Amino acid sequence: MSSAPEQEADRGDEFGGGPVRRPAARPGGTGEAPVNGRPRTDPALRPLPGTAVWPGSPEPLGARFKPAAGGAPAGTNFALWAGGAEAVELCLFGEPAGGDGGPEVDEIRLPLTELTHEIWHGFVPGVLPGRRYGYRVHGRWDPWTGARWNPAKLLLDPYARAVDGDFSLPPEVYGHVRDWPQQHVADTVRDERDSAPYVPKGVVVADGDDWADDHRPKTPWPDSVIYELHVRGFTKRHPGVPEELRGTYAGLGHPAAVEHLVRLGVTAVELLPVHQFAHEDHLLRRGLRNYWGYNSIGYFAPHAGYASSGTDGRQVGEFKRMVRALHAAGVEVILDVVYNHTAEGGELGPMLSLKGIDNRRYYRLQADRRRYADYTGCGNTLHVVQPNVLRLITDSLRYWVTEMGVDGFRFDLAAALARSMHDVDMLSPFLAVIAQDPVLRRVKLIAEPWDVGSGGYQVGSFPPLWTEWNDRYRDAVRDYWRGALPDVRDLGYRLSGSSDLYAWGGRRPYASVNFVTAHDGFTLRDLVSYEHKHNEANGEGNRDGSDANRSWNCGAEGPTDDPAVLALRRRQLRNLLTTLLLSTGVPMLVAGDEMGRTQDGNNNAYCQDSETSWIDWSLLADPGWRALTDLCGRLLALRRAHPVLRSRSFFSGRPQSADGLRDLAWFTAAGSEMTEADWYAPAATLGMYLSGRDIPQRGHRGEPVTDDSFLAVLHAGAEDVVFTLPGPPWAGGYELLVDTAREEQGEAPGERRAAGARVTVGARSVLLWRVASDGTGAIAESPIPLP
């Protein structure tokens, strides 16, 4: 039988409300819940004399500054959707550090009395850019029905365009009593302590940037090459970036950083999350931080921790200048966005924003309304079928396109966004809204096509307009080069654009974003150096991170002085990069893989804001790693110069003319076309022929597009193999462009062989040949220059 206090905490009163407790104040307190160190009854916290709240407008949501005009004073309009709330208070604070330099004023609470279509709003004269603010939202405390309103908690505006301050997680920032003795009911006991001193505030930001001087690259999908990078980690150790700018938006926009992207030949950077995010409590307790940033709390605000110019709103301008610098260099900006969950976690998580505004409509809840439906593995899932949540997401996306200049988005756990009430639904409201939106349907849209819920794996299922991270490509290529593919059927599909997944509904090969590595998992160098994860530094007993790495350490686990192992590892890196950049589809590289970056076997470095994750630019001083970078640049130049290597349409594989030449053909080591039986037989060698004479596409005026033809020979066997180069009608001769068995590729171009010649393919290597039409091997086009 429970004690009386525990019984009270187990249920609500007869009106459905849960117990409200005032825990003892922190040491040195008065016992009364303080606001900025003062009792709630302190008159200094009441609205200052003369402070007025005019009715204002319910549109647009958020805080929008309006300059003085027509005799009306300057001020800011505040509008907050809080459908189920009983009252809303706007809370104003002093300017942040770097603002006017004066002492911070106390909190001023202003009731918003205007309510239009569930939006609380008001215009406050005299509130200028740089002013910090938040909200207190009043309503019932009834966790059993999902109601968790608690006006003691200062809440971040979901539409705040800048955020000042860090999220720490003391007990005061939780809506419930985190340290309640009976933890199984702790989430039902409301905490009355004020959170304002411990949470960041939104910052009023001025409008007025028309982007007239910006020129978006607008790179077509087939021509795109994506480079996934972390804003902080990319420049934190870059010697060419001034020290005060390293690890910031300004650092990424610095000429020294941009030059590497241009020299390499990538067309877009995909930035790991830059929405304002918070660090999880379990990391803070271990002295770590959320480095990757997949813990968003502000969908309009660039993460303040990446700004060199301060957090009083100037981070917005710094982000825009970074985008302009990248655009000027021909590089698009794609954001990795996390709209599937927030940093507020489940019922035991903190109350930072949405949970305190309207928990029941912002989050998916279980039948037991105390609990959250978790399709993300992060404690909560946004309830995207709710109109206000869908609006929050689409307003955020449009803001980043129209006002911040970005060119596209990669949606983390996109299947969670595509769920209707429970199941993943490709006709869901979210996908439908994106498809018809005149702004969003024109930008690059990339789905991570899975979540952790039932039926969440949806690779190949997203509708037209969308591209997808193709993990089946990743798995097939990794397995092939470690010798684990039973045959080459799957590899053939992946190399040629994954038509088995995407050749429906008018989709094109560029629906497949091909990748071998991503931020999540081993780096490319670690993929060939470790067979097991080594995540001890994360403090989770090496339990975190995937155990299914499909990796091979080439004979030794981790660091070694064995020259044979080291040479094999570098060859495998060349093989993996060459395979990726010759495959049809959109290639994605991970920053640093082109120069041999290592995380020392950590395959889940999400909490490693350290040299483990930062790019080590000194690797370029090593001739071996510099050669890998040069090979990557050479392959990207080759891809850029030849449309047959970035086909806009799927190959047919059928004869295109009377001589029997196909646009795509596959060959065995004997030089004969593969038969049905060959596809099902064990094989370590595969020849892929791409015909430039028969590219399945036309130019802008309907004219045929022609190009050189190429033969790529992939050999994953441990011993050399003899390969017979196909004769007519396929070729009259061949010129060697790439041989991954060689450390330096400068020697490879210029070697010519006749059709029908028998050539030796080194163990575990790739040969790329350009086809000549006559028997001399003469080719009109000059060789692709080294970068």
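Residues numbered from 1 in each chain as written. Predicted model: local features only at pLDDT ≥ 70, side-chain atom pairs only at ≥ 80, totals over all residues. Heavy atoms only, no water.

What is the right way to look at the overall build of the protein chain in this model?
Looking only at helices and strands, the protein chain features 17 helices and 33 strands. For the protein chain, with 787 residues in total, the buried portion stands at 60%. Considering only contacts within the protein chain whose residues lie at least 6 apart along the sequence, 72% involve residues at least 24 apart. Entry remark: accessible area of the protein chain is about 28,800 Å², with carbon and sulfur atoms responsible for 52%. (Helix = DSSP H or I, 4+ residues; strand = E, 2+ residues; numbered from the N terminus. Buried < 20%, exposed > 50% of the residue type's maximum accessible area, 1.4 Å probe, protein only. Contact = heavy atoms within 4.5 Å. Areas by Shrake-Rupley, 256 points an atom, 1.4 Å probe, with all protein chains shown as cover.)

When you look at the sheet that holds strand S26 (residues 664–667) in this model, what are you seeing that I'm missing?
What links the strands of a sheet is backbone hydrogen bonding, and the strands pair in either a parallel or an antiparallel sense. Taken together, six strands build an open sheet; the order of strands is S26-S27-S28-S33-S30-S31 and the sheet is antiparallel. In this open sheet, the two strands that pair with only one neighbour each are S26 and strand S31 (752–754). Strand-to-strand twist across the sheet, computed as the mean angle between neighbouring axes with direction ignored, equals 25 degrees. For strand S27 (residues 685–690) and strand S28 (residues 710–715), the ladder comprises six bridges, and the chain directions are antiparallel. Bridge pairing links Gly687 to Val713 in S28. Contacts from helix H15 (residues 563–582) reach S27, S28, strand S30 (733–739) and strand S33 (765–772) within the one sheet, and its direction differs from that of S33 by about 40 degrees. Along the sheet, helix H16 (residues 623–641) makes contact with S28, S30 and S33, crossing S30 at roughly 140 degrees. (Pairing = 2+ DSSP bridges. Axes fitted to C-alpha atoms, helices over the stretch in contact; angles between N-to-C directions.)

Teacher, can you tell me more about the pattern of salt bridges here?
Side chains that differ in sign of charge can pair as their charged atoms come close. Across all of its chains, the model carries 61 salt bridges by this definition. With its nearest N and O atoms 3.1 Å apart, the salt bridge here joins Asp630 to Arg263. Separated by 367 residues along the polypeptide, Asp630 in helix H16 and Arg263 in helix H4 (residues 255–264) bring together distant segments of the chain. On the accessibility criterion, Asp630 (22% relative accessible area) is partly exposed. The residue Arg742 makes a salt bridge to Asp739 at a minimum N-O spacing of 3.2 Å. Note on accessibility: Arg742 and Asp739 belong to one class, buried. Within this structure, Asp471, Arg474, Asp475, Asp479, Arg482 and Arg550 form a network of salt bridges that share partners. (Salt bridge = Lys/Arg side-chain N within 4 Å of Asp/Glu carboxyl O.)

Looking at this structure, I do not really get the packing of H4 against H16. What am I missing?
Between two packed helices, the angle of one axis relative to the other and the distance separating the axes together describe the packing. At a minimum axis distance of 8 Å, the contact between H4 and H16 shows a crossing angle of 60 degrees. Here H4 lies oblique to H16, going by the angle between them. When H4 is examined against H16, the residues His260, Arg263 and Leu264 are found in contact with a partner set consisting of Arg626, Thr629, Asp630, Cys632, Gly633 and Leu636. In terms of residue class, the contact of H4 with H16 is built from three nonpolar, three polar and three charged. (Parallel < 35°, antiparallel > 145°, perpendicular 65-115°, else oblique. Nonpolar A, V, L, I, M, F, W, Y, C, P; charged D, E, K, R; others polar.)

I'm lost on unusual backbone geometry in this one. Help?
Leave glycine aside and you will find that most residues have negative phi; peptide bonds, for their part, are mostly trans. Each neighbour pair has its own omega, and for Glu59 with Pro60 the value is -10 degrees, a cis peptide bond. Tracing the sequence through the fold places Pro60 in the loop between strand S3 (38–39) and strand S4 (62–66). Note the cis peptide between Pro728 and Pro729, where omega equals 5 degrees. By secondary structure assignment, the location of Pro729 is in the loop between strand S29 (721–724) and S30. Phi angles above zero are rare outside glycine, and Cys554 is one such case at about 65 degrees. Here Cys554 shows up in the loop between helix H14 (524–527) and H15.

Please clarify how the confidence of the model for the protein chain should be interpreted in this entry.
Of the residues in the protein chain, 90% have a pLDDT of 70 or more, and the chain-wide mean is 90. Across residues 96–105, confidence stays below pLDDT 50; counting only partners more than four residues off in sequence or on other chains, it has 15 contacts. Scored below 50 in pLDDT, residues 775–787 makes 32 contacts in the model with residues more than four places away or belonging to other chains. (pLDDT = per-residue confidence, 0-100.)

Explain the packing of aromatic side chains here, please?
The geometry of an aromatic ring pair is captured by two quantities: the separation of the ring centres and the angle between the planes. Counting across every chain of the model gives 32 aromatic pairs. Centre to centre, the rings of Trp81 and Tyr362 are 5.5 Å apart; their planes meet at 90 degrees, and the pair counts as edge-to-face. With a gap of 281 residues between them, Trp81 in strand S5 (residues 75–81) and Tyr362 in helix H7 (residues 354–362) connect regions that are remote in the sequence. Trp81 gets classed as buried once you look at its relative accessible area, which sits at 8%. (Phe/Tyr/Trp six-rings, centres within 6.5 Å; stacked < 30°, edge-to-face > 60°.)

In this structure, what is going on with H16? I would like to understand it.
Along an α-helix, a turn takes 3.6 residues, which lines up residues three or four apart on a common side. Along its 19 residues, H16 runs 27 Å from first to last C-alpha, staying within 8% of the 27 Å computed at 1.5 Å per residue. Here H16 lies mainly inside the structure; 14 of its 19 residues are buried. A distance of 2.7 Å separates the backbone nitrogen of Gly624 from a side-chain oxygen at the start of H16, and that oxygen is part of Asp622. (Expected span 1.5 Å × (residues − 1). Polar contact = N/O pair within 3.5 Å; in protein donor to acceptor, adjacent residues only side chain to side chain.)

Would you mind going over the pairing of S33 with me for this structure?
Sheet faces and side chains relate simply in a regular strand, where the side chains alternate between the two faces. Of all eight residues making up S33, eight are buried, and the element is well covered by its neighbours. The alternating pattern of S33 places Ser765, Leu767, Trp769 and Val771 and Val766, Leu768, Arg770 and Ala772 on opposite faces, both of which are buried. For S28 and S33, the ladder comprises six bridges, and the chain directions are antiparallel. Residue pairing in the sheet places Ala712 in a bridge with Leu768 of S33. Here six bridges tie S30 to S33, and the two strands are oriented antiparallel to one another.

Any chance you could explain the sheet that holds strand S17 (residues 268–271) here in plain terms?
The strand order S16-S17-S20-S21-S22-S23-S24-S25 describes a closed barrel built from eight strands, whose pairing is parallel. Between one strand axis and the next, the sheet turns through 30 degrees on average, direction left out of account. One ladder, built from three bridges, connects strand S16 (residues 226–229) with strand S25 (residues 586–590); its direction is parallel. Bridge pairing in S25 places Ile226 opposite Met588. Along the sheet, helix H11 (residues 471–481) makes contact with strand S23 (466–470) and strand S24 (512–514), crossing S23 at roughly 30 degrees.

What's the story with helix H10 (residues 429–436) in this structure? I'm lost.
Of the residues making up H10, those classed as buried are Phe430, Leu431 and Ile434. Buried residues of H10, viewed axially, fall in a sector of 95 degrees; they line one side. Buried residues belonging to H10 abut helix H8 (387–402), strand S21 (408–411), helix H9 (414–417), strand S22 (444–447) and S23. (Arc of directions from axis to C-beta.)

I tried to follow the packing of H11 against H15 on my own but got confused; where do I start?
Axis separation between H11 and H15 bottoms out at 11 Å; the angle between their running directions is 145 degrees. Crossing angle aside, the handedness with which H11 passes H15 is right-handed. The segment H11 lies against H15, with Tyr473, Val477 and Trp481 engaging Gln572, Asn575, Leu576, Thr579 and Leu580. Its residues assigned to classes, the contact of H11 with H15 shows five nonpolar, three polar and no charged. (Left-handed = near helix turned anticlockwise from the far one by under 90°.)

Which parts of the structure should I look at to understand the side chain of Asn295?
Here Asn295 shows up in the loop between helix H5 (281–285) and strand S19 (296–302). When its relative accessible area of 6% is taken as the criterion, Asn295 is described as buried. Of note is the side chain of Asn295, whose polar atom sits 2.9 Å from the backbone oxygen of Ala278.

Looking at this structure, how should I read the environment of Arg232?
Examined against the element boundaries, Arg232 turns out to sit in helix H2 (residues 231–235). Only 2.8 Å separates the side chain of Arg232 from the side chain of Asp609, close enough to count as a polar contact.

Can you help me understand the pairing of S22 in this one?
Alternating positions in S22 separate into two faces, Lys444 and Ile446 on one and Leu445 and Ala447 on the other, with burial throughout. In the sheet, S21 pairs with S22 via four bridges, with the strands oriented parallel. For Arg410, the partnering residue across the bridge sits in S22 and is Ile446. Judged from the three bridges that link them, S22 and S23 form a sheet pairing that is parallel.

Honestly, the environment of Leu417 in this entry has me stumped. Any pointers?
With respect to the helices and strands, Leu417 occurs in helix H9. A C-alpha to C-alpha distance of 10.0 Å links Leu417 and Pro449, two positions 32 residues apart in sequence.

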